[in-house]
Amino acid sequence: MSNRLIHEASPYLRQHAHNPVDWYPWGDEALARARAENKPILVSIGYSACHWCHVMERESFEDAAVAAFMNEHFVNIKIDREERPDLDHIYMDAVQAMTGSGGWPLNVFLTPDKKPFYGGTYFPPRRIYNRPSWMDVLTGVAGAFAEKYEEIEQQAKNLTDYLNNANSIGGGSAAGRADKDQLDIITANLLRQADRKSGGFGSAPKFPQTFSILYLLRYAALSGDREAEKQAVFSLDCMQRGGIYDQIGGGFARYSVDNEWLVPHFEKMLYDNALLVSALSEAYLSTGITSFEKTIRATIRFLNREMKDPNGGYYAALDADSEGVEGKFYVWTYEEFVNVAGEDGALMARYFGVTPEGNWEHTNILHIPLSGPEFASEIGIGSEELEEKIRRVSEKLMHHRDHRVRPGLDDKILLGWNGLMLSALCHAAAALGDDDLLNQAEELARFLSRTFLKNDATAFHSCQNGKPRFPAFLDDYASWIEGLIGLYECSGKVEWIDLAEKLTETVIRLFSDEEGLFFFYTAAGQDDVIIRKKEMYDGAQPSGNALMCTNLKKLGFILGKPAWEERAEAMLNAYQSTVVRYPSSFGVWASGLLGQVYGYKEVVVRGEGYERLRKELLKVYVPLRILCSGPDPEGKIPILEGKPEQGETKIYVCENYACRAPVNTVSAYSQLVRNQ
């Protein structure tokens, strides 16, 4: 027996299609029933790679008695947070306001008019650790709704008013332009949270925090602060040697449950891997550390092998579980590892930290306690010989692992996450000077255009089985635009900047707030949400407002639209004080303040050899740079005007409304851009 979710595209929703719970997808049918019967709505939000979502399903939603009670007293709605992040943001804020914490699964109870009045995250089948059981919660809410309806209505109104008021704060009052002192405070605040022993920031659970790492890398390059660079590079190295990184297959898990990056939460998300490829690419440009190149290439190979749709585009996620056990696909017993590895088994067990007693639940998560050169020195062989042994053994391990039951795949293709992947491919192509990666970026850009873009320059949010769904949200547009700007800088093709301009015009038209400064998360006219939120926080993913701030700055310069640059400046001014106080929560904004203080290098490459020279210039680390090159037949790029396409190739560097005399070598260019 199946419920209505059997007809949904989302793998997460289909996972619940055979529950005895009478689940509805979010939509008019469920909401109309709640109003007609005056029943409370239970909204349960999760995603396919969420371990505790699966646990609660097995414990409660598959229980016939629990389901019968839910069906009698509630209208039950299941939401995939990745399909409807707008609803997830609103109801997550509500639960956090009520309980002080949030997470997934997110279970929130609404009045028939969609207003939240109670909620929480995971509830066990029996009361434990001072946490009520799921049946305790259900009976309590059903009883209160029947007997204290007016109180619940008032509570829901108060909570909705609170969400509206919090949302209307926006960025606060304008604080004026940032200065170097404030950048120093941001850096000090980040370094105060830095884990100097194991890398990263804060304590377990530890997330990559790529935005903080990127800020420190860029700040170091601009200010000469070596401590900032050291922490950024150290953090990336600890992650790439830890269990959070798949040492034989490539790719990063979502976060680590310990301080040492050893034990991951094994799910792999597209956005994490895209953001880490971008951060590693900048770190490689800045330092030349060869292990970063290896990790970049291995992560992209993983994504192409396991998370790429045959028609183009990248899937959303791989599950943490296989055969109902978290991490089972990835871990090894000592005996299995040594037998598969063969003659070098014992040696490679030492290299990958594999022991007979195990390092996690009597099994082993592969990690690298000593760097390659350190290990080679310890065992008395050359680095090249060690690398060859690692390569041979990794191939054997991969071949063996490929015969295991694989984790579940969420094959949604999300526009915003693919926009982040487009940026990652551009960053990697530039850092490594790799034309194949640039070709992959262009192929992805064309896939996104033909799959998600409508004729009126609006877009869809999600695609499954070739069918796009849901109107795009701010983050979708912002990430796509960022990727297109990067692709223009790498390729010199005006078609990409032309599309970025059209999409930005759509964002301004449909998402601008009442003051015309920040942007709402949802487009004008969407009527199934109780409020239009403005997302400002840079969490696991960058906020659309922070990305649009940088997009407006860059596009305003490239296209000669000073009003866009002025809006970006005003956004930074309004949000400056918040960013300075809480930089770990606003890392993309913090990089925006770097641009405001230090300014961007505006670089033009023109002449007959511009393509070769552009490729070399991209390998010079300039953290704040806008690069224009190539033909411009329609005259869209004002800074290219008057700079000859024919004849000797020249490099023009401009800054603060002034241009230097052109140069024609990479070394001369390096001197210009690094002269602060």
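Values in this document were obtained by computation on a predicted structure and should not be read as measured data.

Engineer: Is there a simple way to explain the overall build of the protein chain in this structure?
Structural biologist: Counting secondary structure elements, the protein chain contains 25 helices and 19 strands. In terms of C-alpha radius of gyration, the protein chain reaches 26 Å, essentially the compact-globule figure of 26 Å for 676 residues. The C-alpha extent of the protein chain, read off along each of the three principal axes, is 80 × 65 × 45 Å. Counting across all 676 residues of the protein chain, residues that qualify as buried make up 61%. Partitioning the intrachain contacts of the protein chain with sequence separation of at least 6 by distance along the chain shows that 68% fall at a separation of at least 24. Accessible surface, the protein chain: about 26,500 Å² in total, of which carbon and sulfur atoms supply 49%. Side chains of the protein chain give 71 positive and 94 negative charges; the mean places of these two sets differ by 2 Å.

Engineer: Help me out: how do you make sense of the sheet that holds strand S9 (residues 317-318) in this one?
Structural biologist: Working definition: the strands of a sheet are paired by backbone hydrogen bonds and lie parallel or antiparallel to each other. Overall, antiparallel pairing links the three strands, which are arranged S8-S9-S12 in an open sheet. Strand pairing shows two members of the sheet lacking a second neighbour, strand S8 (268-269) and strand S12 (409-410), which therefore form its edges.

Engineer: Would you mind going over the state of the cysteines with me for this structure?
Structural biologist: By definition, a disulfide links the sulfur atoms of two cysteine residues through a covalent bond. If you walk through the whole model with that rule in mind, you get two disulfides. Covalently, Cys 654 is tied to Cys 659 through a disulfide, its sulfur atoms 2.0 Å apart. Taking the torsion about the S-S bond as the criterion, the Cys 654 to Cys 659 disulfide, at about 100°, is right-handed.

Engineer: Is there a simple way to think about the sheet that holds strand S5 (residues 116-120) in this case?
Structural biologist: Pairing within the open sheet is mixed, and its five strands lie in the order S1-S3-S2-S4-S5. Each edge of the open sheet is held by one strand with a lone partner, namely strand S1 (24-25) and S5. Two strands pair when backbone bridges link them, and strand S2 (residues 41-46) and strand S3 (residues 75-80) are joined in this way by six bridges, in the parallel orientation. What sits directly across from Ile 45, in S3, is Ile 79. In the packing of helix H6 (residues 134-147) onto the sheet, contacts are made with S2, strand S4 (106-110) and S5, and the angle to S4 comes to roughly 15°.

Engineer: I tried to follow unusual backbone geometry on my own but got confused; where do I start?
Structural biologist: Phi is mostly negative for residues that are not glycine, and the peptide bonds are mostly trans. In the segment running from Trp 104 into Pro 105, the intervening peptide bond is cis, with an omega of 5°. You can see Pro 105 is positioned in the loop between helix H5 (85-99) and S4. Omega for the bond connecting Ala 204 with Pro 205 falls within 30 degrees of zero, at -5°, which places this linkage in the cis form. Within the secondary structure, Pro 205 sits in the loop between helix H8 (180-192) and helix H9 (210-223). Backbone geometry places Ala 457, a non-glycine residue, at a positive phi of 65°. Position of Ala 457 relative to the elements: it lies in the loop between helix H18 (435-452) and strand S14 (460-464). For Phe 470, which is not a glycine, the phi torsion comes out positive at approximately 65°. Residue position: Phe 470 is located in strand S15 (residues 467-471).

Engineer: Would you take a moment to explain empty space enclosed by the protein for this structure?
Structural biologist: The gaps of empty space that remain are located by a probe, the size of a water molecule, rolled over the atoms. Applying the stated criterion to the full structure yields three cavities of 30 Å³ or more. Estimated volume of the largest cavity: approximately 780 Å³. What lines the largest cavity is a set of 36 residues, among which Arg 218, Glu 282, His 427, Glu 482 and Lys 554 lie closest to the centre. If you list the elements that add at least two residues to the lining of the largest cavity, you get H9, helix H11 (270-287), helix H17 (415-432), helix H19 (474-491), helix H21 (544-559) and helix H23 (587-598). The element contributing the most residues to the lining of the largest cavity is H17, with six residues. Across the lining of the largest cavity, the residue classes break down as 21 nonpolar, nine polar and six charged. What the second largest cavity holds in volume is close to 150 Å³. The wall of the second largest cavity is formed by 15 residues, among which Gly 243, Tyr 245, Asp 246, Phe 266 and Tyr 330 lie closest to the centre.

Engineer: Explanation requested: H23 in the structure shown.
Structural biologist: Side chains of residues three or four places apart in an α-helix project in the same direction, reflecting 3.6 residues per turn. Relative to the 16 Å expected for 12 residues at 1.5 Å per residue, H23 spans 17 Å between its end C-alpha atoms, a close match to the ideal helical length. Most of H23 is tucked away, with 11 of its 12 residues classed as buried. Taken residue by residue, H23 has Gly 587, Val 588, Trp 589, Ala 590, Ser 591, Gly 592, Leu 593, Leu 594, Gly 595, Gln 596 and Tyr 598 as its buried positions. Check the buried side of H23 and you find it contacts H8, H9, H21, helix H22 (562-581) and strand S18 (650-655). Just beyond H23, the residue with positive phi is Gly 599, at close to 75°.

Engineer: Whenever I open this one, the nonpolar core confuses me. Can you help?
Structural biologist: In this structure, Trp 134, Trp 589 and Tyr 669 are the most contacted members of the largest nonpolar core, which totals 190 residues. In terms of residue count, H17 provides more of this core than any other element does, 13 residues in total. Sequence-distant contacts of Tyr 669, that is, excluding residues within four places in its chain, are made with Val 603, Leu 617, Val 620, Val 622, Arg 625, Ile 651, Val 653 and Val 663. Listed in part, the 24 residues of the second largest apolar core include Tyr 24, Leu 31, Val 95 and Leu 110.

Engineer: Would you mind going over the packing of H19 against H21 with me for this structure?
Structural biologist: A pair of packed helices is captured by two measures, namely the crossing angle of their axes and the spacing between those axes. Where H19 contacts H21, the two axes come as close as 9 Å, and the packing angle between them is 35°. Note on packing geometry: the crossing formed by H19 with H21 is left-handed. On H21, the residues that touch Leu 474, Asp 475, Ala 478, Ser 479, Ile 481, Glu 482, Ile 485, Tyr 488 and Glu 489 of H19 are Gly 544, Asn 545, Leu 547, Met 548, Asn 551, Lys 554, Leu 555 and Ile 558.

Here is what the cut-offs are and how they apply
- Residues numbered from 1 in each chain as written.
- Predicted model: local features only at pLDDT ≥ 70, side-chain atom pairs only at ≥ 80, totals over all residues.
- Heavy atoms only, no water.
- Helix = DSSP H or I, 4+ residues; strand = E, 2+ residues; numbered from the N terminus.
- Rg over C-alpha atoms; globule rule 2.2 N^0.38 Å.
- Buried < 20%, exposed > 50% of the residue type's maximum accessible area, 1.4 Å probe, protein only.
- Contact = heavy atoms within 4.5 Å.
- Areas by Shrake-Rupley, 256 points an atom, 1.4 Å probe, with all protein chains shown as cover.
- Lys, Arg positive; Asp, Glu negative; His and termini not counted.
- Charge placed at Lys NZ, Arg CZ, Asp CG, Glu CD.
- Pairing = 2+ DSSP bridges.
- Disulfide = S-S within 2.5 Å.
- Axes fitted to C-alpha atoms, helices over the stretch in contact; angles between N-to-C directions.
- 1 Å grid on protein atoms, 1.4 Å probe; cavity = no way out; pocket = protein on both sides within 12 Å on 5 of 7 lines; lining within 4 Å.
- Points joined across faces, edges and corners; volume = space filled by probe spheres on them.
- Nonpolar A, V, L, I, M, F, W, Y, C, P; charged D, E, K, R; others polar.
- Expected span 1.5 Å × (residues − 1).
- Core = buried A, V, L, I, M, F, W, Y, C linked by side-chain atoms within 4.5 Å.
- Left-handed = near helix turned anticlockwise from the far one by under 90°.

Remember, this is a structural readout, not a statement about activity or role.
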